[in-house]
Amino acid sequence: MLDDSSSEVPDEILSFYKQGREEKRLEQSNGPLELARTQDIIQRFIVPTPARVLDVGGGAGIYAFWLAQLGYEVHLIDATPLHIEQANATQAHSPHPLASTQVGDARHLNQADNSADAVLFLGPLYHLTEAADRQLALQEAYRVLKPGGIIFAVGISRFASLLDGLRQNFASDPHFASLIDADLIDGQHRNPTDQRGYFTTAYFHYPLDLENEVKAAGFAEVNLLAIEGVGWLTTYFDGFWADSDKRQHLLEWVRKLETEPTLIGASSHLMATGRKPSIV
């Protein structure tokens, strides 16, 4: 979310998240698929409890509180003060409280070297629009992880605007069509309109570029997976999700194709997992 010279969130991003919509986003539209798939991937790769987890860019804490409920020691860090306020409000009555919450910068983590068993980067990389900033953030995650610790790094697909524009007919709006064209050129997503559904300043990855950025930070055993896969493209999502059998089929199909290289880019979100090599 941050530029090279400042620890402040750019105005347009802060304005976007000040709406408070992020807290409930995964309950709406096809958000439940993103939530279920992200949780599935995390549970498959994360180290078992007890373990110390940093949820960096974790918003209002939907994943942080879920992991705390599973028995993890979770520290929530986010660059948007409103998200931390929302998390603290939840914290006040949560039966599974977080270990800490703080406003912070993914590129400069206030955490000791080799102190975390897992780091979640489920948002920072797509609001760090410069490659140098994304690499700095990934190197910070590497620094704070213990040997053998794991990172979960998420990006938005380069093709997300095009596919979403066709799925929801946003593409018929000339303003959104211009966003699509710009995204496809260099991944630099900008929204000069007042249409909040068109998102905000971000960088959209080619799948292999996300994988290579994680590798360049020193991580090993890197896996690249589609989160929603092609599942988010159905115009009948509510019907699939409301029916337990259809929901299970959808999740099975998406998981079966999560590493299929010819389809990974069709997913709205991509995840790269990687481990900090153990000391020999």
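So, here is what we can say about the structure in this document. What you see is a predicted model; the values in this text were computed from it and never measured.

Conventions we followed
- Residues numbered from 1 in each chain as written.
- Predicted model: local features only at pLDDT ≥ 70, side-chain atom pairs only at ≥ 80, totals over all residues.
- Heavy atoms only, no water.
- Helix = DSSP H or I, 4+ residues; strand = E, 2+ residues; numbered from the N terminus.
- Buried < 20%, exposed > 50% of the residue type's maximum accessible area, 1.4 Å probe, protein only.
- Contact = heavy atoms within 4.5 Å.
- Salt bridge = Lys/Arg side-chain N within 4 Å of Asp/Glu carboxyl O.
- 1 Å grid on protein atoms, 1.4 Å probe; cavity = no way out; pocket = protein on both sides within 12 Å on 5 of 7 lines; lining within 4 Å.
- Points joined across faces, edges and corners; volume = space filled by probe spheres on them.
- Nonpolar A, V, L, I, M, F, W, Y, C, P; charged D, E, K, R; others polar.
- Axes fitted to C-alpha atoms, helices over the stretch in contact; angles between N-to-C directions.
- Parallel < 35°, antiparallel > 145°, perpendicular 65-115°, else oblique.
- Left-handed = near helix turned anticlockwise from the far one by under 90°.
- Phe/Tyr/Trp six-rings, centres within 6.5 Å; stacked < 30°, edge-to-face > 60°.

**Notes on the side chain of Thr129**
Among the structural elements, Thr129 can be located in the loop between helix 5 (124–127) and helix 6 (131–144). What makes Thr129 buried here is its relative accessible area of 15%. In this structure, Thr129 is in contact with Arg134, Gln188, Arg190, Thr201, Ala202 and Tyr203, ignoring residues within four places of it in sequence.

**Quick word on the pattern of salt bridges**
Scanning the entire structure with this criterion turns up 17 salt bridges. For Asp40, the salt bridge goes to Arg37, with nearest N and O atoms at 3.3 Å. Of this pair, Asp40 and Arg37 both sit in helix 2 (residues 31–45), 3 residues apart, which is roughly one turn of that helix. The salt bridge partner of Lys215 is Glu211, with a shortest N-O separation of 3.0 Å. On the criterion of helical spacing, the pair formed by Lys215 and Glu211 is a turn pair, its members being 4 residues apart in helix 9 (residues 207–216).

**Some details on the layout of surface pockets**
In this approach the atoms are scanned with a rolling probe the size of a water molecule, which exposes any empty space left behind. Within this model, the largest pocket holds a volume of roughly 820 Å³. If you go around the largest pocket, you meet 29 residues; those closest to its centre are Arg25, Asp164, Gln168, Gly197 and Phe199. Per-element accounting of the lining of the largest pocket gives the leading share, 5 residues, to helix 7 (residues 160–168).

**Focus on empty space enclosed by the protein**
A complete count under the given rule lists 3 cavities of 30 Å³ or more for this structure. Here the largest cavity is characterised by a volume of approximately 320 Å³. Along the wall of the largest cavity there are 25 residues; nearest its centre are Glu22, Arg25, Gly57, Gly58 and Leu122. Taken together, the residues of the lining of the largest cavity break down into 10 nonpolar, 9 polar and 6 charged.

**Some details on the packing of helix 2 against helix 11 (residues 244–256)**
The N-to-C vectors of helix 2 and helix 11 enclose an angle of 55°; their axes lie 11 Å apart at closest approach. Put simply, helix 2 runs oblique to helix 11. The crossing of helix 2 and helix 11 is right-handed. Together, Leu33, Ala36, Arg37, Asp40 and Arg44 of helix 2 and Leu250, Leu251, Val254 and Arg255 of helix 11 make up the contact between the two elements. Residue composition of the contact of helix 2 with helix 11, by class: 5 nonpolar, no polar and 4 charged.

**What to know about the packing of aromatic side chains**
Inspection of the entire model under this criterion finds 10 aromatic pairs. Each ring, one from Tyr126 and one from Phe199, has its centre 6.3 Å from the other, and the planes form 55°; the classification is tilted. Of this pair, Tyr126 sits in helix 5 while Phe199 sits in the loop between strand 6 (188–189) and strand 7 (202–205); the two residues are 73 residues apart in sequence, bridging distant segments of the chain. Owing to a relative accessible area of 6%, Tyr126 belongs among the buried residues under this scheme. Ring geometry for Phe237 and Trp241: centres 5.3 Å apart, planes at 20°, overall stacked. Of this pair, Phe237 and Trp241 are both found in helix 10 (residues 237–242), 4 residues apart, which corresponds to roughly one turn of the helix. The same class applies to Phe237 as to Trp241, namely buried.

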